[in-house]
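Descriptive structure summary
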Amino acid sequence: MIAIAGPNLPLELLTATGRHAGVVGFDPDLETPRADRWLESKFAPWARAVLEGWAQGAYDDLDQVLFSRADDTSQRLYYYVCELQRRGLLGGPEAIVLDIAKIPRRTSLDRTVEKLREMGERLCVSEEALEKAIVASHDRAGDGSTAPGEGRVCLLAGTNPPDMRLHEAVARAGFRAAGRTLAQEWLDPGAPAQRDSGDPYAALGRKLHARGEGPRSFADPAAALRAGLAASGAEAVVLWRIEEDEAQCWHLPQERAAIEASGLPSLILTRRDWLGRDGSAAQIESFLMEVSA
Amino acid sequence: MSQSANQRSRKMLACTAEATAYQKAFGQDLRRRVVDDQEPYAIVQADTPHELFHAMGIPIVTNQWWSAYISAKQLSGRYFDAMVDKGFPANSCKYCSLGLACTLANEPETAPWGGLPSPTVLVARLTCDCIQHVFGLWAHELGSEFFAMEAPAWEHKEEDWYANARADWERVYQPDRIAQMVREMEDLIVLLEERTGRKFDAAKFETLMERINEQEGYIWEAARAIGEARPCPVSIAEQMPNTMIPQWHRGSDWAVAHARKFRDEVLERIAQGQGAATQERLRLMWIGAGVWHDPGFYQALEENLGAVFVWSMYMPFAGPAYIRDIKGRPMEALASRVASMNETLHLPPWMSGWITSEAKRCGIDAAVILLPPDNRLSQSGTKLTALALEEAGVPVLMIDADMVDAKIWDHDRMVAMVEAFLRDKGLA
C-alpha cells in the first residue's frame, strides 16, 4: 500500500496502482519526543506528528510513502526519513518523492512529466491503467454527490487545519465552514486531467504542473481568495495562518486588501498555533457570534 | 537592538585589508554602473550561476551580499520594522528578505545607494517555500521580472559526496538534475541576450570556468593547510572575507591573484608557527551563515579561553562545491556546481556527512551551530548534523539567532553562552 505525505500529488496514478492508502494518518496532538530530536522548529507541524508516528511503527503496514516536491516541508521530510532509515534510527515503509516542478516554463513542465512517467514505471502503472483512472476521475467530478450545505457560510482560508476543530468552532456560532483540513487538501483531486489525450502521463503532468494550490504555486493567492469568497457565497471570512507558514504569509497584505475590498466581516489571525492552543477556536466563535448579533 | 553589536574583529593578514578595500571599491564601481550609468544589471541569489553573468559582462547584485551590506550598516531592524508596518508577519524569513524589506521601506535617504534601481531580472533557485514569493514580490516592487530556477529533488545520495564531486560530478549530482539546470541556464542566457543586447561568449565562459578552478584550488589548498596546522594560523573572521570576496568575483584576474596571495600568506604564517590566537587550546567549528552584524564574536574567547573558531563553511566549501573537472562540458560542470550548492549545506545526508568529515579533518574540539528561528532552510539539517557530530565525539552547542537580524543578537550574552558551554563540557 502507498500513502501520501504532501500536496499536489498524482491521485489518479495512485488510484491506478490499486494500492492507494490515502493520506498518512497522524495524530496532531501526539507528543513528539523523538521527532523533536531530529526536526527543527520551523517545519510545518504535521511533519513532527508524521515522523513520530513513523518512529512508533504506525506506518509499518505500508509499502511506500510518497512525498511531494511541491511543498518544502514534504520534500525535506523525505530526506530526513531516508537519512534516519540509513542510520538505522527509523524503520517502516520506503520513502519516495515525486519531483513536481511548478515554475511556469516549458522546462519545468517537461521535468514534471518526465518524473511522473518514471514514477509510473516504478509503480508499474501502464498508460492504459492511468487513462482509465483519469476517465474515472471525470466521472467522479460530475456525479454531483457533494450537495451544497445549508446555512450561512464562513470561508475558512489560509493554513489547512489538522482536523475539524476550527470548522466545529464555526459551526458552534451557527455558520457552515467552507475550507479544507490538511488531509482534505492533499486528497483534493482538483480539476480532472485531460482525457483521451493519447498520452495520459503528459496530461496528468500538465495538471500537476499547473495546479494553483500550495506553497510552490505561482498562482495569485489573493485572486484565489477572491475566487473562494465568490464560490462559497461566504458572509464572513476567517484568514488563519500558523507560525510555521513560510510561503503564503508573504501575500498577507494582498489577501488583507482582497478581504477588505469584499466588504465582508473578517477575522485575520496570523502566527497561530496549529493545534489551536492559543484560543483560535474561541476567537473564531466569538467573532462569528458578533457577526450574527 | 543588541547590547553590543558590531564588535570589530581583529585582522592579521595583509590580504584581508586588501580584499575589503577591493570590495569597497567594487561596491562604489558597481553603484556607478548600476545607479549612475544605469547599466542593465541583475539581482541574484548566491546559489545561482553567477558565471553566466560574469561571462556576459553583466553586473550583478547578490542578494546575500546586499543583505550583509545593509546589515553591516545597522539598518536591518529599521527595514524589517517597515515590512511589518506594511502588513507582513514579523516572523517572516529574514535572510533572503532584507533586500525586499529595504525596497518596501522606500527610504532613499537611509537606503544604501539610495535604494536599488530596477534590474533587468531577478534570479533565484527555489530552495525553500518562501524564496519564490520574496523574489516575486521584489520583482513586482522594482518593476522587473523574476526568473526562477528549479531545485530538483535529489534522489542519488552519497554521504561522502565531497570526495567525488570534482571528478565524478555527473554521478554525484544526478545526470537528469544537471540536464535540467543546463536547460534553464540556456533559457536564462536567451533572456539576458534579449534584454541586455550582450552576447554569451562560450569560449570566454570556458576560460572563466578554468580560472575559477584555479582560484578555488588555492583556497582549498589553504583550507587543507589550516586544517592540519597547529595553531590555526587564521581566524574564520579572516577566512570568510578572503574566500567570499574573491568568490563574488570568481574567475576574474583579481580574484585568482587574491586567492593565490591569501594561500601564500596562510602558508607563510603556518611556516612561521604563527597562530590566530596567542595560545590556542580549543578548536571550534562555526556551522551556519556568518553573523555579519557582529564579526568580533568569533574572536571573543581567544584571549581568556584560547578558544579559536578555526572552521566555518565558506572556506572549505571552496574545494568540493566549486572545483570541477570540466571535461569539455563547461555548462554541465557549472550546472553540477550550482544544482546542489544549497542542498549540500542544509540537507542530510550531504550536510551531516561533509561537516562530520570536516570536523575530523580539522581536529575540532566543539561545534557551535546557528539556528535561525524564522528560517526553515537555514535550520534544516542542523539537528541531524549535531547528532552525527556528537556520535563522532564532538560536543555541539546550538544557538538561536539570526545572521542578519541584529535585534535578537546580544554579543555579551552569546559569548557567555559559548563560554558556559565549553566549561560545561569540561573543555575550558
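Quick note: structure is the one above.
Treat the numbers as computed from the prediction; the structure is a model and nothing was measured.

Now for unusual backbone geometry. All names here are of chain B. In this structure, P231 follows R230 across a cis peptide bond, with omega equal to 5°. Structurally, P231 is set in the loop between α10 (202–228) and α11 (236–248). Note the cis peptide between P348 and P349, where omega equals 5°. Position of P349 relative to the elements: it lies in the loop between α16 (341–346) and α17 (350–361). Positive phi values are uncommon outside glycine, yet K327 reaches one of about 60°. One can find K327 in the loop between α14 (314–322) and α15 (330–338). Classification of K327 by C-beta neighbours within 10 Å gives exposed; the count is 11.

Taken together, the contact pairs 36 residues of chain B with 37 residues of chain A. Tallying contributions element by element places helix α9 (residues 175–196) of chain B first for the side of chain B that touches chain A, with 4 residues. Tallied by class, the residues present in the side of chain B that touches chain A amount to 16 nonpolar, 9 polar and 11 charged.

This part covers helix α11 (residues 252–262) of chain A. Residues and elements named next belong to chain A. Buried residues of α11: L252, E255, A258 and I259, and no others. For α11, the angular spread of buried residues about the axis comes to 120°, placing them on one side. For α11, exposure combined with an orientation more than 90 degrees from the buried face picks out E260 and A261. Against the buried residues of α11 lie α10 (221–232), β7 (236–242) and β8 (266–272). At the exit of α11 stands G263, carrying a positive phi of roughly 75°.

Scoring rules and cut-offs
- Residues numbered from 1 in each chain as written.
- Chains lettered and ligands numbered in written order.
- Predicted model: local features only at pLDDT ≥ 70, side-chain atom pairs only at ≥ 80, totals over all residues.
- Helix = DSSP H or I, 4+ residues; strand = E, 2+ residues; numbered from the N terminus.
- Buried ≥ 20, exposed ≤ 12 C-beta atoms within 10 Å, placed from the backbone.
- Contact = placed C-beta atoms within 7 Å.
- Nonpolar A, V, L, I, M, F, W, Y, C, P; charged D, E, K, R; others polar.
- Arc of directions from axis to C-beta.

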